[in-house]
Structures are given as structure tokens and as C-alpha cells.
Amino acid sequence: MLYNIIPEAVQQYMLPLSLLLSFALTVVFTAGLHKYLPKDGGRDFAVDGKKSAGKPRGAGIIFILVYVVVSLVLAPMKMEYIYYLILVAGAMATGFLDDASKSPWGEYLKGALDLLIALLTTAVYLFHNETNIHLGFGGITFHMPVWVFAICSVILIWVSINVTNCADGVDGLSGTLSIITLMTIFGIIGKMGEVEFAPQILILIFAIIAYLWFNATPSILMMGDGGSRAIGLFIAIAILKSGAPLLYIPTAIVLILDGGLGLVKVFLLRFLKIKILKNVRTPLHDQVRKVNNWSNTQCVFRFAIIQAVVGVMVYLLAK
């Protein structure tokens, strides 16, 4: 909140300072504290899942807290944004507690917590914003009834949290895709959204970049649910603040396909006894590594290239 009380002549230096601090503090604290993080037990059904056994996980607690503190102190701030910071920290906390638990939390418990966070975030947004929606293309704007917007917002937030989490299975993948998605949203906000919120996007991006220094293949640690769930929530908040929430689909299309197809597959099988994608492993990053013999590096780069190409097209066409 320092940003709000300093002279305007100094405010122009706050963004570069905040980005530098976000990166530097994440590097310093991750290097110094990663040995105290809980250790991963390996995943039985994931491709190369056993190779992660013994690595520190839950690094999200470090870079998310850095993002929260730096944003609170150096970014433009108002009560709405403070509520979002609390909710992002809450998503991080629930994820980290799961990371640190000796026995993983059940899917229904985690799903219920994600739903609660989605409901609270939607309530905050509706209290501070109207429900006019930019279509995203063609300069078309329409008003959505509050109750319809609320339902759609809760679904968007819940989906974003979970697909981002499910995509976190290859060194550097979830972080890289999240950065590309957030950079696209940053560009969209510059065209049609609430520009005052944009610095927070860059602050989180620089924190994730610093985390990737340690998570690049072969990684020495992982973000865990404490990072992926908080990032997923923030992506949803950012696209809501852009005023064009429908653009979440193209801006996060690789995250949606990689992490979301597995969620759909499990839901249909468990609750409706419908089997789809019988010969496709999910998440898709397991399919391309196991069946198509992509290396981890090829998986990250190729998925990132697809998302970057789509992101540039979305930015150029957004109006």
C-alpha cells in the first residue's frame, strides 16, 4: 500500500522495483528454505512419477507469499485487491497443507475447498464490479444477469484452479504455461480491462520465473498444490478483471486440454458410467511422453509454443 501514499513522480519507479524484488526474493528464499519443504513421495500412476520421490514440494508457499507481500506493499492497492490477495494466499495455504500431509487429502475435500474459494472470490468480484461482459472480439459488450454471472464465475474459478493443478506434472510445464497465459491476459487488460490491476500480474509472473530457475529439467523442487492452485485462482481473477472472461478459453487452452480432459474423463466414468478417451492417457502430458515418446523438454516447449501462438492471436484480435 506504499504505492498509494508516495508522490506521483516516484510511482513510475514502483513497478520495476516490485518486479525486481519479486524475482530476487523468490530466488533468495527458495534457495535458502527449499530444504525445509515437505518431500514428495512419488506418484504411482504418472509417467516417471517415481523420479520425483524425495524432492522438496510445496515451493508455491514461497513464491506466492513473495507475490502477496510485494503486491501489497508496492502495487496499486484497494480493498478489492486486498481481498483477492487473501484468497490467493488461502488457496496456497490449503494446497500447501495437502502437500505437507502424510496422507493426501481426498478429492472431495479438495474439491469442496476449491468451491468455497470460488464462491468467496465471486462474491468479492460481484460486490465491486458490474456484470457487463466484453465478448472479446468485435468490440461487442453485453450485460449478464447477476445470478448467471455468479454461476459462470464459480465454474470458471473452480475449473481454472483444477486444470492448472492437473497440468503440474512435468518439470517447468505448469509454470511456463501459466506465464504465457498471464502475459496474454496482461495484454488483454491493457486493451479493455482494469489497467490498475495489471501490475499484480507482472509481479506474479516474475515470481514464477524465479521459481522456474529451480524447477527447470532436471528440477530440484516442485511447486506442489500450494503453487498450482493459487496460480489457477489468480488466472481466473485476472481474466475476470479483464472484463472478457470468455477469453479464458483461448488464453488458457493448453492448460484446459492438458489438465481438464482428465477431469472430464474421471467425472463421466465415476458419476455417469460413460467411458471416453479409452486409449488416451490423461493428463495429456503423460500421453505425449509415454505414447509419443516426447522428452520432458519437448513436452514443455511444444505445449508452450502452442499456447504462445494462440495467445498472440488472441491479443491481436481482442477488441
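Look up: the structure comes first, before these words.
Note that the structure is a prediction, hence the values are computed from the model and not measured.

Scoring rules and cut-offs
- Residues numbered from 1 in each chain as written.
- Predicted model: local features only at pLDDT ≥ 70, side-chain atom pairs only at ≥ 80, totals over all residues.
- Heavy atoms only, no water.
- Helix = DSSP H or I, 4+ residues; strand = E, 2+ residues; numbered from the N terminus.
- Rg over C-alpha atoms; globule rule 2.2 N^0.38 Å.
- Buried < 20%, exposed > 50% of the residue type's maximum accessible area, 1.4 Å probe, protein only.
- Contact = heavy atoms within 4.5 Å.
- Areas by Shrake-Rupley, 256 points an atom, 1.4 Å probe, with all protein chains shown as cover.
- Lys, Arg positive; Asp, Glu negative; His and termini not counted.
- Charge placed at Lys NZ, Arg CZ, Asp CG, Glu CD.
- Core = buried A, V, L, I, M, F, W, Y, C linked by side-chain atoms within 4.5 Å.
- Expected span 1.5 Å × (residues − 1).
- Disulfide = S-S within 2.5 Å.
- Phe/Tyr/Trp six-rings, centres within 6.5 Å; stacked < 30°, edge-to-face > 60°.
- Axes fitted to C-alpha atoms, helices over the stretch in contact; angles between N-to-C directions.
- Parallel < 35°, antiparallel > 145°, perpendicular 65-115°, else oblique.
- Nonpolar A, V, L, I, M, F, W, Y, C, P; charged D, E, K, R; others polar.

S.K.: So what about the overall build of the protein chain? Which residues, and what values?
M.R.: Helix and strand counts for the protein chain come out as 13 helices and two strands. In terms of overall dimensions, the protein chain is globule-like: its C-alpha atoms have a radius of gyration of 19 Å, near the 20 Å expected for 319 residues. Its C-alpha atoms put the protein chain at 55 × 45 × 35 Å along the principal axes. Residues counted as buried form 52% of the 319 residues belonging to the protein chain. Excluding contacts between residues fewer than 6 apart, the proportion of contacts in the protein chain whose partners are at least 24 apart in sequence is 74%. Accessible area of the protein chain: about 14700 Å², with a carbon and sulfur share of 72%. Taken together, the 23 basic and 17 acidic charged side chains of the protein chain have centroids lying 10 Å from each other.

S.K.: Kindly report on the environment of T184, identifying the contributing residues and their values.
M.R.: On the secondary structure map, T184 appears in helix α7 (residues 173-192). Taking relative accessible area as the criterion, T184 reaches 6% and is therefore assigned buried. Sequence separation between T184 and W213 is 29 residues; the distance between their C-alpha atoms is 22 Å. Filtering out sequence-adjacent residues up to four positions away, T184 remains in contact with T251, G311 and V314.

S.K.: Any details on the nonpolar core? Residues and values, ideally.
M.R.: Counting residues in each nonpolar core, the largest one holds 84 residues, and the members touching the most others are I64, F197, I201, L233 and F234. Those residues in contact with I201 that lie beyond four places of it in its chain are L182, I185, F186, I189, F234 and A238.

S.K.: Could you give an account of helix α6 (residues 146-166), naming the residues involved and the relevant values?
M.R.: With 21 residues, α6 should reach 30 Å at 1.5 Å per residue; the first-to-last C-alpha distance of 30 Å fits that figure. Where α6 is concerned, the buried positions are F149, S153, V154, L156, I157, S160, I161, N162, V163, T164 and N165.

S.K.: Tell me about the state of the cysteines, residues and numbers included.
M.R.: One pass over the full model with this rule turns up zero disulfides. The cysteine C166 is free of any disulfide, with C299 supplying the nearest cysteine sulfur at 14 Å. When its relative accessible area of 23% is taken as the criterion, C166 is described as partly exposed.

S.K.: I'd like a description of the packing of aromatic side chains, backed by residues and values.
M.R.: Applying the stated rule across the entire model yields seven aromatic pairs. Taking 5.4 Å as the distance between ring centres and 10 degrees as the angle between the ring planes, the aromatic pair formed by Y125 and F149 counts as stacked. With a gap of 24 residues between them, Y125 in helix α5 (residues 107-128) and F149 in helix α6 connect regions that are remote in the sequence. With relative accessibility at 6%, the residue Y125 sits in the buried group. Given the relative accessible area of 3%, F149 is considered buried.

S.K.: Mind laying out unusual backbone geometry, listing which residues take part and the relevant values?
M.R.: Cis geometry marks the peptide bond from T217 to P218; its omega dihedral reads -5 degrees. Summarising the element assignment, P218 is placed in the loop between α8 (198-215) and α9 (224-241). One non-glycine residue, N293, lies in the positive phi region at around 60 degrees. Mapping N293 onto the fold places it in the loop between α12 (284-290) and α13 (296-317).

S.K.: Run through the environment of A236, naming residues and quoting values.
M.R.: With respect to the helices and strands, A236 occurs in helix α9. Accessibility expressed as a relative area gives 0% for A236, which makes it buried. Not counting residues up to four positions away in its chain, the partners in contact with A236 are L156, I157 and S160.

S.K.: Hey, could you go over the packing of helix α11 (residues 253-272) against α13 for me, with residue numbers and the actual values?
M.R.: Contact pair α11 / α13: the axes reach a minimum separation of 8 Å and the direction vectors enclose 140 degrees. With respect to their mutual orientation, α11 and α13 come out oblique. Note on element contacts: α13 touches α11 through F303, I306, Q307 and V310, opposite I253, V254, L255 and D258. Of the residues in the contact of α11 with α13, the class split is six nonpolar, one polar and one charged.

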